[in-house]
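# Results of the structural survey
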Amino acid sequence: MFFKIGIILLVITLIRAEKLTLADIDDSITLNSDVITRNAAQAYRLPVNVIPLEYDIFIDLFFSENRDKPFSYNGKENIIIQAVERNVNQIVLHANVDMINAVSLTTDDGRIVTMNANQPFFLERQYHFLRINLIETLEVNKNYTLMIDYSSTMNDGPMKRGIWRGWYKDADGVERIYATTHFQPYNARQAFPCWDEPLFKAVFKVHLSAPQSYSKVFSNTDIESVTTDLTSGRSTTNFYASPVMSSYLVTFLVSESFQVIAEDKSFNPPIRIIGRSNTMGLADHALHLAVKMTEFFDSYFEIPYSSLHPYLLNDHISSPDWASAGTENWGMVSYRELYLVIDPRETIMSVEHYAATLVSHELAHKWMGNLITCYWWSNTWINEGFASYFGYIATHAVFPEYELHEHFNSRYLQNSLSFDSGVSTVPLNHDVNTPAQVTGHFGTISYSKGAAFLRMLVDMITPETFRKACKYFLTDNAYQATDQYDLYNAFAKAIREDGSLNSYQHFNFTDFYRIWVNEAGYPILNVEVNYAAGEIQLSQERFFLSGTAQPTGQIYPIPITYSTKSKPEFENLRPALMMTGNRAVLRTNTAEEWVMFNHQQHGLYRVNYDEKTWNLIADALLEEPESIHYLNRGQVVDDVFALMRSGRMTYDFGFKILRFLRNEVNYHVLNPAISGYTWLRNRFAHMPETQSTFDAHILSYLEHAINTLGFEPAANETATTSLTRQEVLHFACTMGHERCVTESKNRFAAMRRGTWIDPRIRRNVYVVGVREGGADDFNFLLNRFHSSNYANDQLEMLRGLGATRDPQLLTRYLELTLTKEVRSHDKVNSFNYALLGNRINAVTVLQFVKNNIEAIRKEYVEDAPPNPVHTALSNLAGYLDEEYLVEYETWLRTTQSNSAQFSTAISAINSARNNMAWGTANADIVLSATRSGATSAVISSTLLLIVTLASVTF
Ligand SMILES: *[C@@H]1O[C@H](CO)[C@@H](O)[C@H](O)[C@H]1NC(C)=O
Ligand SMILES: *[C@@H]1O[C@H](CO)[C@@H](O)[C@H](O)[C@H]1NC(C)=O
Ligand SMILES: [Zn+2]
């Protein structure tokens, strides 16, 4: 899947705003992976004593025509199973359905196996287990047919996954219901009892019946036949058997009028985009992405998609509702419509940019994830790390105009470094058992660190060897479940054959892999240059953001790349050295010149230098910025903010290094800068004067970028330039940059008069137009929202509406989030927009929460896996001043102490207080540092003196 975007957008809003927030491999390699994965008491895991081979699943879907049980389904399935151990007299599989009506078991020759008369079967709800008790034991390796008859209810909306219903308006404006499925990672058991762990791969045959009018039916494979029963008015669609695959990849969609909205028939199977009838013709861009990336992966893996299975489709559903950004069901990928319906005249660049990586990520999964699949979700990173890596790096090869290989740094590398610097972070391979733990591991570590680890490996072993390893991995494990040892074996084989690491003496790849996959965190490289001796001393330790974290002694194998002023080789990503110990020494010349480590910030580590070297770097950044690669300028920014936050560098010294930012226009440098500024700025929100002084300093840093980027996109500018403008202007307008506000207001007024506004600047125009405007402006945008056919533009409009300063309008906006007009996957984001729009809005949001908490719980879908209500309630705390924090806390303690969100909300209040306390304590230090930075071009020599006196902590 693509990291659930419900969360991701939010994480992006908040975290982007401030980027918040092995067992011994050699032993294990010789072990059978089954043994390793199932040692402990893992109550939520199925026993592996019976395996499914083939499922025939018949589901009868009922919509509103069924008065007694609207939106329900009855299911019947025949599962061919085998016992793989002796003495099995209880069959355990997953079921999370309303009711099991009947169960029976027959042998291959038709004999009925007797079940325990007292209790033939029972549901163990906590574990989603269906236990079937037999009075005889199963014969090993013989086929049995398990028949289960059950019934259940569709979920309302996508958030709880399983089989659910959504809504859309068709081309005639008629509101229609559709039913579809989202099973990843553990929700197939809601649709049919099954062995719902990825390792139990089997063949699935799906048969769906629905009222005859629901004739637009799709699944992973071709339709084999359709039969209609005229008396009941129902049709049954029979699909061909699927390839051998995991249960979470089963899917279907049943609708009255979904249709193919773009198609390329020159492929086998044809590549199709399917969506609402009134998005016909709006998916050509998505089709182009799917076609080009299918071609790419066909030739990259040398396993053509068409060879995977004779009936497997290559369909892409544009779904009006979807709980994540996209989900890689094998023949029928589903996406949130917002990413597939793209129109250059209506869609903002950040969505178009993201869509390219999304479609590519999902297509990569068809090999990495579906053909081979992680054995269990402890190794989610094997699925998600590869898909995320290919989603940027492979996509760059095909769509260079998006420069995704460079955006990888802010999206994955820096995100990983930020997240992975806490004390409680977990390794890539991390034991999970309960559904909540499984959901939790679909996060930054599996996606961002997984992808960044793979990219680091590519640089070491070369792209050719990496590709070879991928091919070994896929061919040696096709249609099977795999684990980190299989992956290790594929890499080790390719590396051995190509001798790709032979030039690194005494380097042990086994250790490298074991440590990076099975140890948490990452290192900081400390660099000390002895200029007189021409020697660079390196040392490492695990990097923690918290100054009080205990050192761990963990040593990470670090691929070292570096440049010096006289020998810049930023393009060279092959490590000069593999640092496998605590310390290392490099020879260099004796010139007093800058050195810089970690070319293009490809390595998963931070770098700190001695004071003199930092000064040399700072001077170069200011005087000859182009002498240092922009991705390394971005790295300096990212590292310096982290060093300051962790107490390893003073703010004075840090902002001295960052003086060069006043001359920057490069996205990859400004992006981490804006994250860093935002982190600080949020801590001054309770001190308006301090914050506005801080803002003035930061705006002076951004003035050059604002002037260079301007307020109108150029016709042929790069995607990266558009993204830079969007981020810089959004930030500048938030800080009240005068010209930014005026220009945006003027454009909003022009839009109200009917002028088309380029989507590349719409975010700002909507937000400022509503924030600075009145009820008419709000109503104008609200009407536009209601009548728009573009989900992506609608989301931008919600962001704009949430920025109103008027408490009454804001309350109307928040009430809108309780209606179906704001789709459930957008609700928390929309809630968040109200908080992001203006600091003062939090007070209105608090009243709204107090008055509507029950409705919020219901409409935001409290019990959906990502815990949307927890998220909303904790976000609120971060925007309230002490007076209202007290009110919030009192309300929580007196009325909500039994609620599921209580302790989360209280701890959010505590961290809000800590943040304010931090801001109060550090305001003078930070203001003085940013003031110096802001004016230091003039007084740099004085500053040097101050800095020297300021006892820099390294
Ligand atoms: C058991 O079932 C599988 C899956 O349908 C089938 O391929 C296999 O031939 C069956 N084995 C026997 C002995 O019938
Ligand atoms: C690599 O290190 C492991 C111990 O972690 C050791 O068992 C193995 O023999 C080493 N490989 C080589 C080639 O030295
Ligand atoms: Zn994914």
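These numbers come from a predicted model, not from an experiment.

Basis of the calculations
- Residues numbered from 1 in each chain as written.
- Chains lettered and ligands numbered in written order.
- Predicted model: local features only at pLDDT ≥ 70, side-chain atom pairs only at ≥ 80, totals over all residues.
- Heavy atoms only, no water.
- Helix = DSSP H or I, 4+ residues; strand = E, 2+ residues; numbered from the N terminus.
- Rg over C-alpha atoms; globule rule 2.2 N^0.38 Å.
- Areas by Shrake-Rupley, 256 points an atom, 1.4 Å probe, with all protein chains shown as cover.
- Lys, Arg positive; Asp, Glu negative; His and termini not counted.
- Charge placed at Lys NZ, Arg CZ, Asp CG, Glu CD.
- Buried < 20%, exposed > 50% of the residue type's maximum accessible area, 1.4 Å probe, protein only.
- Contact = heavy atoms within 4.5 Å.
- Salt bridge = Lys/Arg side-chain N within 4 Å of Asp/Glu carboxyl O.
- Pairing = 2+ DSSP bridges.
- Axes fitted to C-alpha atoms, helices over the stretch in contact; angles between N-to-C directions.
- pLDDT = per-residue confidence, 0-100.
- Domains from an automatic or database assignment.
- Buried area = accessible area lost by both parts, 1.4 Å probe.
- Nonpolar A, V, L, I, M, F, W, Y, C, P; charged D, E, K, R; others polar.
- Near = heavy atom within 4 Å.
- Polar contact = N/O pair within 3.5 Å; in protein donor to acceptor, adjacent residues only side chain to side chain.
- Phe/Tyr/Trp six-rings, centres within 6.5 Å; stacked < 30°, edge-to-face > 60°.
- Disulfide = S-S within 2.5 Å.
- Core = buried A, V, L, I, M, F, W, Y, C linked by side-chain atoms within 4.5 Å.

### Remarks on the overall build of the protein chain
Within the protein chain, the secondary structure is distributed over 29 helices and 30 strands. Scaling as 2.2 N^0.38, a compact globule of 954 residues should have a C-alpha radius of gyration of about 30 Å, and the protein chain matches this with 29 Å. Taken along its principal axes, the extent of the C-alpha atoms in the protein chain is 95 × 70 × 60 Å. Of the roughly 33600 Å² of accessible surface on the protein chain, 50% is carried by carbon and sulfur atoms. In the protein chain, 79 side chains carry a positive charge and 103 a negative one; their mean positions are 2 Å apart.

### Remarks on the environment of R784
Mapped onto the elements of the fold, R784 is located in helix α22 (residues 775-787). Judged by relative accessible area, R784 falls into the partly exposed class, the value being 23%. Once the C-alpha coordinates of R784 and L801 are considered, the two residues, 17 residues apart in sequence, prove to be 11 Å apart. Among residues more than four places away in sequence, those in contact with R784 are E346, M751, R762, Y766, D793 and M797.

### A look at the pattern of salt bridges
A complete count under the given rule lists 53 salt bridges for this structure. One salt bridge in this structure joins E124 and R131, with 2.5 Å as the shortest N-O distance. Judged by relative accessible area, E124 falls into the partly exposed class, the value being 24%. A salt bridge links R514 to D511; the shortest N-O distance between them is 3.0 Å. In this pair, R514 and D511 are both assigned in helix α13 (residues 509-518), 3 residues apart and thus about one turn of the helix distant. The network of salt bridges with common partners includes E346, R762, R784 and D793.

### Looking at the sheet that holds strand β5 (residues 121-124)
As summarised here, the arrangement of the 3 strands in space is β3-β6-β5, forming an open sheet in which the pairing is antiparallel. Only two strands of the sheet have a single partner each, and these edge strands are β3 (90-94) and β5. Taken pair by pair, the neighbouring strands of this sheet meet at an average axis angle of 20°, ignoring direction. With 5 bridges connecting them, β3 and strand β6 (residues 129-133) associate as antiparallel partners. Looking across to β6, one finds that V92 is bridged to R131.

### A closer look at the confidence of the model for the protein chain
Predicted confidence across the protein chain gives a mean pLDDT of 93, with 93% of residues reaching 70 or more. Note on residues 3-41: pLDDT under 50 across the span, and 108 contacts to partners over four residues away in sequence or across chains. This model gives residues 936-954 a pLDDT under 50, and the stretch forms 31 contacts once residues within four places in sequence are excluded.

### Considering the domain arrangement of the protein chain
Domain boundaries in the protein chain define domain 1 (47-256), domain 2 (367-518), domain 3 (523-636) and domain 4 (683-953). Look at where the C-alpha atoms of domain 2 and domain 3 centre, and you get two points 24 Å apart. Between domain 2 and domain 3, the contact holds 26 residues from the first and 28 residues from the second. Taken over both partners, the interface formed by domain 2 and domain 3 buries close to 2300 Å², and the fraction arising from carbon and sulfur atoms is 61%. On inspection of domain 2 and its partner domain 3, the count reaches 0 salt bridges. Residue composition of the side of domain 2 that touches domain 3, by class: 12 nonpolar, 9 polar and 5 charged.

### Considerations on the site of ligand 1
Around ligand 1, the structure places L53, E54, I80, D108 and N143. A distance of 2.9 Å separates an oxygen atom of ligand 1 from a polar atom in the side chain of E54. At 2.3 Å from an oxygen atom of ligand 1 is found a side-chain nitrogen or oxygen belonging to N143. Look at ligand 1: alone it shows 360 Å² of surface, and the protein chains cover 42% of it. The residue makeup of the shell around ligand 1, split by class, is 2 nonpolar, 1 polar and 2 charged.

### Focus: helix α23 (residues 791-801)
Counted residue by residue, α23 has 9 buried out of 11 residues, so it is predominantly covered. Turning to α23, its buried residues number three or more, namely N792, D793, L795, E796, M797, L798, R799, G800 and L801.

### Looking at the side chain of N518
Along the chain, the position of N518 falls in helix α13. Given the relative accessible area of 7%, N518 is considered buried. Of the polar contacts made by the side chain of N518, one reaches the side chain of N429; its length is 2.7 Å.

### As for the sheet that holds strand β19 (residues 326-327)
Taken in spatial order, the 5 strands of this open sheet run β16-β17-β18-β20-β19, and their pairing is mixed. Of all strands in the sheet, those with a lone pairing partner are β16 (259-264) and β19, marking the two edges. Here β16 runs beside strand β17 (residues 271-275); their pairing, made up of 5 bridges, is antiparallel. When the sheet's bridge partners are listed, D264 is paired in β17 with I271. Each of β16, β17 and β18 (314-319) touches helix α4 (residues 284-301); the most contacted strand, β17, lies at about 150° to it. Against the sheet, helix α6 (residues 349-365) touches β18, β19 and β20 (332-336), its axis set at about 155° to β20.

### Considerations on the packing of aromatic side chains
In the structure shown here, the tally under the stated rule is 66 aromatic pairs. Here the aromatic rings of F386 and F390 are separated by 6.2 Å at their centres, their planes lie at 20°, and the arrangement is stacked. Taken together, the residues F386 and F390, both in helix α7 (residues 380-398) and 4 residues apart, mark about one turn of the helix. Pair check on accessibility: F386 and F390 agree, each one buried. Both rings, one in F684 and one in F694, keep their centres 5.5 Å apart while their planes meet at 65°; by these two values the pair is edge-to-face.

### Section: helix α27 (residues 868-877)
Along α27, 10 of the 10 residues are buried, which leaves the element largely enclosed by surrounding structure. All of the buried residues in α27 are P868, V869, H870, T871, A872, L873, S874, N875, L876 and A877.

### Some thoughts on the state of the cysteines
Tallied over the entire structure, the rule returns 1 disulfide. Its sulfur unpaired, C374 is 16 Å from the next cysteine sulfur, which belongs to C194.

### Observations concerning the pairing of strand β2 (residues 72-83)
Looking at chain direction, strand β1 (residues 50-62) and β2 are connected through 12 bridges and run antiparallel. Within the sheet, the bridge partner assigned to E54 lies in β2 and is I80. Here β2 runs beside strand β7 (residues 144-153); their pairing, made up of 10 bridges, is antiparallel. Residue E77 lies in a different strand from β7, and its bridge partner there is I148.

### Concerning the environment of W756
Structurally, the position occupied by W756 is in the loop between α20 (738-752) and α21 (762-772). Of the residues examined, W756 reaches a relative accessible area of 36% and is grouped as partly exposed. Spatially, the C-alpha atom of W756 lies 52 Å from that of P193, the residues being 563 residues apart in sequence. When residues no more than four places from it in sequence are discounted, the contact partners of W756 are R345, E346 and R762.

### Considerations on the pairing of strand β13 (residues 223-229)
Within a regular beta strand, the side chains point alternately toward one face of the sheet and then the other, so they alternate between its two faces. Relative to strand β14 (residues 234-239), β13 is paired through 6 bridges, and the arrangement is antiparallel. Bridge pairing links D229 to R234 in β14. Here β13 folds back onto β14, and the loop between the two strands holds 4 residues, one of which, G233, carries a positive phi near 70°.

### Focus on the nonpolar core
Residues F390, F453 and F597 are the most contacted members of the largest nonpolar core, which totals 294 residues. Residue contacts for F453: discarding those within four places in its chain leaves W381, L428, F512, Y513, W516, V517 and L604.

### Topic: unusual backbone geometry
Most peptide bonds take the trans form, and the phi angle of most residues other than glycine is negative. Cis peptide bonds are those with omega within 30 degrees of zero, and the linkage from Q184 to P185 qualifies with -5°. Examined against the element boundaries, P185 turns out to sit in the loop between β10 (175-182) and β11 (203-211). Positioned with a positive phi, E403 is a non-glycine residue whose angle comes to about 50°. Positive phi outside glycine occurs at Y479, with the angle close to 65°. As for its position among the elements, Y479 is in the loop between α11 (463-477) and β22 (480-482).

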